[in-house]
Amino acid sequence: VDRKGFLHIRGRKKDSFKNSTGQFVSPSRIEDKLRVHPAINQVIIYGLGRPFNIALIVPDFDYLQSWANQHDIHWTAPEYMIHNPDIIHYFESLIDQTNKHLAQHERIGKLTLLHDDWTTENGMLTSTLKIKRDVIADAFKKLLAAIYRDAEG
């Protein structure tokens, strides 16, 4: 809602969700802001009925390997690099920069890095390469629940 009281819808209605305070979030708009960065290959924002949003990110590992080499960070394999504190800090700084351009209820509170791409073969993308939000949320429901549980206590 703008200053004059007009409602502006951003993103696809079916992709929008309400957080725990009842505010609507358009995840595709946030994802588009993140996806422009070359370090991010795939991203999904999750926060349905929750107090904050989580970004699940699949890095662009070719870019990330080059970045790591430039910053004297020993490169091993993607499944190990997503746990590297320097890599995590780098992505947290990308999230912080993005959060500056988002409304309070849209901001990303936590992120997690994943090493496997979402593909049509693993059922996480449609044949037109759109993200299947429900499938991804279901595949990572234990991880998402653990992140929210850790944040609470």
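Whatever comes next refers back to the structure up there.
Residues numbered from 1 in each chain as written. Predicted model: local features only at pLDDT ≥ 70, side-chain atom pairs only at ≥ 80, totals over all residues. Heavy atoms only, no water.

Moving on: the environment of Asn-41. Within the secondary structure, Asn-41 is located in strand β3 (residues 40-46). For the pair Asn-41 and Ile-57, spaced 16 residues apart in the sequence, the C-alpha separation amounts to 7.6 Å. Among the polar contacts made by the side chain of Asn-41, one reaches the side chain of Asp-117 at a distance of 3.1 Å. (Helix = DSSP H or I, 4+ residues; strand = E, 2+ residues; numbered from the N terminus. Polar contact = N/O pair within 3.5 Å; in protein donor to acceptor, adjacent residues only side chain to side chain.)

Glancing now at unusual backbone geometry. Its identity is not glycine, yet Asp-72 carries a phi of approximately 55°, on the positive side. As for its position among the elements, Asp-72 is in the loop between α2 (61-70) and α3 (78-81). Assessed through its relative accessible area of 73%, Asp-72 is described here as exposed. A positive phi angle, near 70°, is found at Leu-129, a position not held by glycine. With respect to the helices and strands, the residue Leu-129 is situated in the loop between β5 (108-113) and α5 (133-139). (Buried < 20%, exposed > 50% of the residue type's maximum accessible area, 1.4 Å probe, protein only.)

Here we take up the packing of aromatic side chains. For the structure shown, the criterion picks out five aromatic pairs. With a centroid separation of 5.5 Å and an interplanar angle of 75°, the aromatic rings of Tyr-90 and Phe-91 are classed as edge-to-face. The exposure class of Phe-91 is buried, given its relative accessible area of 0%. An aromatic cluster of at least three residues, connected via ring pairs, comprises Tyr-46, Phe-52 and Tyr-148. (Phe/Tyr/Trp six-rings, centres within 6.5 Å; stacked < 30°, edge-to-face > 60°.)

With 15 residues, helix α4 (residues 85-99) ought to run about 21 Å at 1.5 Å a step, and its terminal C-alpha atoms sit 20 Å apart, in line with that. Ile-87, Tyr-90, Phe-91, Leu-94, Ile-95, Thr-98 and Asn-99 are the residues of α4 that are buried. Tucked into the core, α4 has its buried residues touching α1 (27-35), β3, β4 (53-59), α2, α3 and β5. At the N-terminal boundary of α4, the capping side chain belongs to Asn-84, with an oxygen 2.7 Å from the backbone nitrogen of Asp-86. (Expected span 1.5 Å × (residues − 1). Contact = heavy atoms within 4.5 Å.)

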